[in-house]
Amino acid sequence: MGKRTKPTQPRYDVLGRYTALLDAGETLLCIGYEQAQPQLIADTAGVSVGLFYRHFKSKQELLTAIIVRHLNKLHLQIVQAHKACSHPIEAMQMVILLTLRYFHQHQGLIKLFFIQVGYGDITATEQLQSARLNYRNILLAIIEDGIAQGIFLNPPALNVQIAINSIIGTINWTLYDLLVVQNQNLQPEALATQISSHLLRSLTR
């Protein structure tokens, strides 16, 4: 099989060349992780393999960067939808549903990330820190709004940081169990209903 290449990216277009690497990497990694070697990714992106290694030490780092890009897109969707939610319970349900819907659309990529990187890798954790913080801040705003409206429990009965950890942990481990352990497809609507019901019981009066 010959090399699949795109037109060479202009050298002065730094963002364009970086984006081309992310696009090519996402396509090739999802087709086959082992086959998606840096040289092939660079060729497909229309850049040099040296540029690949200037941005990423490995395929794992590239995969992490791709996940971060997707998380940022998800967070933007959630922030925009949150503006239309006046009730904290509705807002929490919306966050969970949008998260699962987005991961359903990209479940092959999410599964690949769990298998090849996971959430315990130190480098990945550092790269994901900002994206994770954005998600935590969205949940924090919803919980604080719920406390202010008298809908959610007040501290110390409700430990806000533990509650946020519980929400994120439940979503992550549920995804891991379904996608990796059981090798099933996501059913976002049904799963969101189950997770929301479980989590809201620990938040509400």
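Look above for the structure.
This text gives an overview of the structure that appears in the document. (Residues numbered from 1 in each chain as written. Predicted model: local features only at pLDDT ≥ 70, side-chain atom pairs only at ≥ 80, totals over all residues. Heavy atoms only, no water.)

Take unusual backbone geometry next. A cis geometry characterises the amide bond from proline 155 onward to proline 156, with omega recorded as 5°. For asparagine 183, which is not a glycine, the phi torsion comes out positive at approximately 55°. Structurally, asparagine 183 can be placed in the loop between helix H8 (160–181) and helix H9 (188–201). Given the relative accessible area of 53%, asparagine 183 is considered exposed. (Helix = DSSP H or I, 4+ residues; strand = E, 2+ residues; numbered from the N terminus. Buried < 20%, exposed > 50% of the residue type's maximum accessible area, 1.4 Å probe, protein only.)

This paragraph deals with the packing of helix H5 (residues 88–105) against H9. Where H5 contacts H9, the two axes come as close as 9 Å, and the packing angle between them is 140°. Relative to H9, the element H5 is oriented oblique. In the packing of H5 onto H9, the handedness of the crossing is right-handed. On H9, the residues that touch Ile89, Met92, Gln93, Ile96, Leu97, Leu100, Arg101 and His104 of H5 are Pro188, Glu189, Leu191, Ala192, Ile195, Ser196, Leu199 and Leu200. Within the contact of H5 with H9, the residues separate by chemical class into 11 nonpolar, 3 polar and 2 charged. (Axes fitted to C-alpha atoms, helices over the stretch in contact; angles between N-to-C directions. Parallel < 35°, antiparallel > 145°, perpendicular 65-115°, else oblique. Left-handed = near helix turned anticlockwise from the far one by under 90°. Contact = heavy atoms within 4.5 Å. Nonpolar A, V, L, I, M, F, W, Y, C, P; charged D, E, K, R; others polar.)

Counting residues in hydrophobic clusters, the biggest one holds 68 residues, and the most contacted among them are Met92 and Ile143. With near-sequence residues (within four places) excluded, methionine 92 lies in contact with Leu139, Ile142, Ile143, Ile167, Leu200 and Leu203. (Core = buried A, V, L, I, M, F, W, Y, C linked by side-chain atoms within 4.5 Å.)

Moving on: the packing of H5 against H8. Direction vectors running N to C along H5 and H8 enclose 25°, while the axes themselves pass 12 Å from each other. In terms of their interaxial angle, H5 and H8 are classed as roughly parallel. Here H5 and H8 pass one another in a crossing that is right-handed. On H8, the residues that touch Met92, Ile96, Thr99, Leu100 and Phe103 of H5 are Ile167, Ile171 and Leu175. The class makeup of the residues in the contact of H5 with H8 is 7 nonpolar, 1 polar and no charged.

Further remarks concern the pattern of salt bridges. All told, the structure shown has 3 salt bridges when counted by the stated rule. A salt bridge links arginine 69 to glutamate 26, with the shortest nitrogen-to-oxygen separation between them at 3.6 Å. Placement of arginine 69 in helix H4 (residues 59–82) and of glutamate 26 in helix H1 (residues 14–31) is noted, with a sequence separation of 43 residues between them. Residue classification places arginine 69 among the buried residues on the basis of a relative accessible area of 18%. Where glutamate 189 meets arginine 101, a salt bridge forms, and the shortest distance between an N and an O atom there is 2.8 Å. Of this pair, glutamate 189 sits in helix H9 while arginine 101 sits in helix H5, and the two are 88 residues apart along the sequence. Taking relative accessible area as the criterion, arginine 101 reaches 36% and is therefore assigned partly exposed. By sharing partners, the salt bridges in this structure join Asp23, Glu26 and Arg69 into a single network. (Salt bridge = Lys/Arg side-chain N within 4 Å of Asp/Glu carboxyl O.)

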